[in-house]
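Now for the letters of each chain:
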Amino acid sequence: MNEQFSSEQIDKLKSAMAKVQDVISGETEETSEMAEEMIDSVLAPGTYLNVDEDEMAAWLYLMPPEKDQSYTKQDLIDYLARNGVTDGLHQSNLSAMIKKKVYNREILVAKGRPVKEGADGYFEYLFTPEEYGVPKVREDGSVDYTNINALQNVRAGEKVAIYHQAVQGVDGITVLGHELKARLYRDLPPMRGKGIRRENEFYFAQSDGKIEVKDGKIDIQNVHEVSGDVNAIIGKVEFFGDVVIYGNVEEGVVIRAGRNLEIHGSTSTANLYAGGDIILSRGIQGGNKAKISARGSVFADFIEHATVEAGGNVQANTFLNARIFAKEKVIATGKKGAIIGGEAHGIKGIEAATAGNDVEVKTILHCGYAPETHEQLLDIRRREIEIKENIANLVDTMTEALREKRLRGANTPDTTEAKLSEWNKQKDQYFAELDKVESERESLEELIEKSKGAEIKVDGNIYRNVVICINAEQMLLDRNTCFMKYQADRGVIEGKVIVHN
């Protein structure tokens, strides 16, 4: 007989069948909890995991296993995974915990990988302008203002900067698998500036000059201008190009210009050097300490109590108690055109309107080569002949020794080999010395040749106690005179009156 089921009984039956199916498939909440409890039961109760707040480290506190049981490394890894720790596992620590049975204390079992920072692109300057214009502190604590340099120079073709490209960072990750993104690092556009050229990542100076950084740009100028005074606080100005100073140059200052130097203010006891001309618009009062040196000419309103050397002319309105040496001429110009006291030496000649003064201060005017030059030339010629004779004798000796060596072959004494080596070194020394002597001899001969026709011309008053010197000859004036031109003829100084048409 068929038994009829009510709808309620049918629903209960369906529910029971569904639970059976869930159990079979293992998908019920109860079976999941049971499975988890079974897995967790591998590690003894009391075991826990401590993850740092920033998720960059995980620490495992492991309780000892039950009696007659043990843990495996995989047990620990599974436990960490169930608790979300999947990255940066500290494999050696996990192995050590199992091998050495490390219990009852927190052990680092995972460590996150932090973001590896990169870098934005940047320019590396191969000069240090910040070091310039700053006084140096001495060991005793005092400050040295005398060696301050107002600027930095570069030569044409010199490397001045390098561009370093941006380096991108590397993403990180926490122990819980959360990704940490590195920021994007950016490159800079190519540098723009004056006086530079670019070759890939390198920047080079196009010309000699001063180098500065303005608003992140390199600026190279071949003229350095100073609007104010140059004093002991600035201390020193060194520049490969032209230097123009509109203010005064005060005591103790050193200025070096690779080309021309112009000073529009007054100049005190300073040291001035130039690869070209030096122009002192308001002259110099040197206090017997100042020194001026130019490869070109020197022009000044007046030169007082200073030493001046020039590869060209030295020209001023007034020379007072100065020591002047010019490879061309010394010229006193203007209404005064005076050379008073001191010494003036111009290889090609001297021109002035007045020499000496009415108080008969000793004034030395010299043109042509120096008195000792002729003796120096004779000595250098004798030395040149001597060196050539030594070389000739040494070559003869070495030739004879080499001939003997060829004859004897393998039977050549060791002493002969040693002597040949020593003689060869001596020969090189002789030739090096000969090159030097020949260069000195040529310079002296050039000087003497340049001195031919040199004269001293004073187109005005010449006072008593002026010394006229031409080459090795000299003549002391024992009376006042005027309008004279002096030349040397066969070792005798001759004076001639200047005739005005």
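Definitions and cut-offs
- Sequence order sets the numbering: in each chain, residues are counted from 1 along the sequence as written.
- Thresholds applied to this predicted model are a pLDDT of at least 70 for local features of residues and 80 or more for the giving and counting of side-chain atom pairs; totals over whole chains, interfaces and linings are not thresholded and use all residues.
- As a convention, hydrogens and water are excluded, and side-chain values are obtained from all of the structure's heavy atoms.
- Labels follow the DSSP assignment, with helices taken as runs of H or I lasting at least four residues and strands as runs of E lasting at least two, numbered in each case from the N terminus.
- Accessible area is worked out with a 1.4 Å probe on protein chains only. A residue is then buried under 20% of its type maximum, exposed over 50%, and partly exposed in between.
- Two strands form a pair only when DSSP identifies at least two bridges running between them.
- Every axis corresponds to a line fitted to the C-alpha atoms, with the helix fit spanning only the stretch in contact, and the corresponding angles, defined between N-to-C directions, vary from 0 to 180 degrees.
- Put simply, angles under 35 degrees are roughly parallel, angles over 145 are roughly antiparallel, angles from 65 to 115 are roughly perpendicular, and the rest are oblique.
- Left-handed describes a crossing whose near helix is turned anticlockwise from the far helix by less than a right angle; the clockwise case is right-handed.
- Working rule for contacts: check all heavy atoms of both residues, and any pair within 4.5 Å makes them a contact.

Caption draft 1: Representation of unusual backbone geometry in the model. The phi angle at Asn104 is positive, at roughly 60 degrees, despite the residue not being glycine. Examined against the element boundaries, Asn104 turns out to sit in the loop between helix H4 (91-99) and strand S3 (106-111). In this structure Asn104 comes out as partly exposed when scored by relative accessible area, which is 41%. Residues other than glycine seldom take positive phi values, yet Glu360 does so here, at roughly 60 degrees. Note that Glu360 resides in the loop between strand S28 (354-355) and strand S29 (363-367). Accessibility expressed as a relative area gives 33% for Glu360, which makes it partly exposed.

Caption draft 2: The arrangement of the pairing of strand S30 (residues 455-462) in detail. In this sheet, S30 lies alongside strand S27 (residues 349-352) in parallel orientation, the contact comprising four bridges. Its bridge partner being in S30, Gly349 is matched across the sheet by Glu455. Pairing analysis gives five bridges linking S30 to strand S33 (residues 481-489), with the strands arranged antiparallel. Bridge pairing links Asn461 to Cys482 in S33.

Caption draft 3: Quick look at the packing of helix H3 (residues 73-82) against H4. For the pair H3 and H4, interaxial distance at closest approach is 9 Å and the crossing angle is 125 degrees. Taken together, the axes of H3 and H4 are oblique relative to one another. The element H3 and its partner H4 pack so that their crossing is right-handed. Contacts from Lys73, Leu76, Ile77 and Leu80 of H3 reach H4 at Gln91, Leu94, Ser95, Met97 and Ile98.

Caption draft 4: Structural context of the sheet that holds strand S7 (residues 153-154). One open sheet holds the three strands; their spatial order is S7-S13-S14, and the pairing between them is antiparallel. Whereas interior strands pair on both sides, the edge strands pair on one side only; in this sheet they are S7 and strand S14 (217-221). Sheet analysis places S7 next to strand S13 (residues 209-214), joined by two bridges and oriented antiparallel. Looking across to S13, one finds that Val154 is bridged to Gly209.

Remember that the coordinates give geometry; whether it matters functionally is a separate question.
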